[in-house]
Amino acid sequence: MKSKQYTNTILMVEPVAFYFNDQTAVNNYFQNKPDVTPDEIQTIALNEFRNMVKSLRSKGVNVITIQDTPTPHTPDSIFPNNWISTHDNGDVVLYPMFAKNRRVERREEEVLSLLEEQGFTVRDIIDYSEAEEDEIFLEGTGSIILDRENQIAYAAISDRTDEELFIEFCEDLEYTPIHFTANQTVNDQRLPIYHTNVMMCVGDEYAIICLDTIDDKKEKSLVVEMLNQTSKEIIAITEEQMHQFAGNMLQVEGLSQKYLVMSKTAFESLTAEQIKKIEQYNPIIAVEIDTIEKLGGGSARCMMAEIFLPK
């Protein structure tokens, strides 16, 4: 049976001490340092998180939440898609993380027990986390954009997305690998974008992508060709829009239809024509997560770990 591109069930981690993470800021150029206290930041972020959960549930999305723990301190636990992915054959994949304080976010036993309690079946656990010992990283569906229907995986190679481990992932899960380099301009330099999912989103019938970040013409042509071959309408965004998280979106299934989830920041950066193209395929859910975006350097897509496990 053909895999489905989107799911009705999302796992989200409620923060207890969300804050600016110095360890990730070294190569995440989307992060901004705060000018208020950690307690104030946590209060705002928790409010943003809960409002997002409420918005998703109001559209019929099944949101499973698990609360973060005060210790060990994990300022980025709100972004679980970097350490776990689930698949409709029952596989669960665990990933190696760049920042040491993010590695302790992996609470697979607790999370999988919670999912099994809700009737989901885990067949096998594929654990790549030992690659951290060799300074090799692949940060889940932050690093890898999955076209699940066509078994194609896209990845922008960076410090957090190792090419060889990406190929190994594709061999293990039987995906066709498409890898490239995506850059952004930082202080007049072209530097690798830390995660593929800030410049690319693949839905069932379309792809939102910042092609301007792929400087190599052959690599760009390959990505465009593959999207065309799989009948995806390409909705191109600018690098400026990407910096407003317009690439960091996720298609989900609601009660009676599919939606595209994005932040209010991302939505407001889009043109009327881009919005019209997206809404031809599905309505938009735009959530206000300004503080989480500014400090965490990740947006709506990063906050949602999709659950594709069979019931």
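Look above for the structure.
My aim in this report is to walk through the structure given alongside it, one point at a time. (Residues numbered from 1 in each chain as written. Predicted model: local features only at pLDDT ≥ 70, side-chain atom pairs only at ≥ 80, totals over all residues. Heavy atoms only, no water.)

Side note on the sheet that holds strand β3 (residues 84–86)
Sheet architecture is open: three strands sit in the order β3-β4-β5, paired in mixed fashion. One side of each edge strand has no neighbouring strand; the edge strands of this open sheet are β3 and β5 (124–127). On average, each strand axis in the sheet is tilted by 20° relative to the strand beside it, whichever way the strands run. Here β3 runs beside strand β4 (residues 91–94); their pairing, made up of three bridges, is antiparallel. By the bridge assignment for β4, S85 is matched with V93. (Pairing = 2+ DSSP bridges. Helix = DSSP H or I, 4+ residues; strand = E, 2+ residues; numbered from the N terminus. Axes fitted to C-alpha atoms, helices over the stretch in contact; angles between N-to-C directions.)

Description of the environment of N282
By secondary structure assignment, the location of N282 is in the loop between α10 (272–279) and β16 (284–287). Taking the relative accessible area as the measure of exposure, N282 reaches 1% and is therefore buried. Here the side chain of N282 touches Y206 through a polar contact of 2.9 Å, side chain to side chain. (Buried < 20%, exposed > 50% of the residue type's maximum accessible area, 1.4 Å probe, protein only. Polar contact = N/O pair within 3.5 Å; in protein donor to acceptor, adjacent residues only side chain to side chain.)

Considerations on the side chain of S143
Structurally, S143 is set in helix α5 (residues 140–143). Among the residues examined, S143 registers a relative accessible area of 0% and is labelled buried. Within the structure, S143 has its side chain in polar contact with the backbone oxygen of R160 (distance 3.2 Å). Apart from the residues lying within four places of it in its own chain, the contact partners of S143 are L138, Y154, A155, A156, R160, T161, H195 and T196. (Contact = heavy atoms within 4.5 Å.)

Brief notes about the pattern of salt bridges
Scanning the model with the defined rule gives 18 salt bridges in all. The closest approach of N and O atoms between D204 and K258, which form a salt bridge, is 2.6 Å. Of this pair, D204 sits in the loop between β11 (200–202) and β12 (206–209) while K258 sits in strand β15 (residues 258–263), placing them 54 residues apart in sequence. Note on K258: relative accessible area 15%, which makes it buried. It is possible to trace a salt-bridge network through shared partners that takes in D68, R107 and E110. (Salt bridge = Lys/Arg side-chain N within 4 Å of Asp/Glu carboxyl O.)

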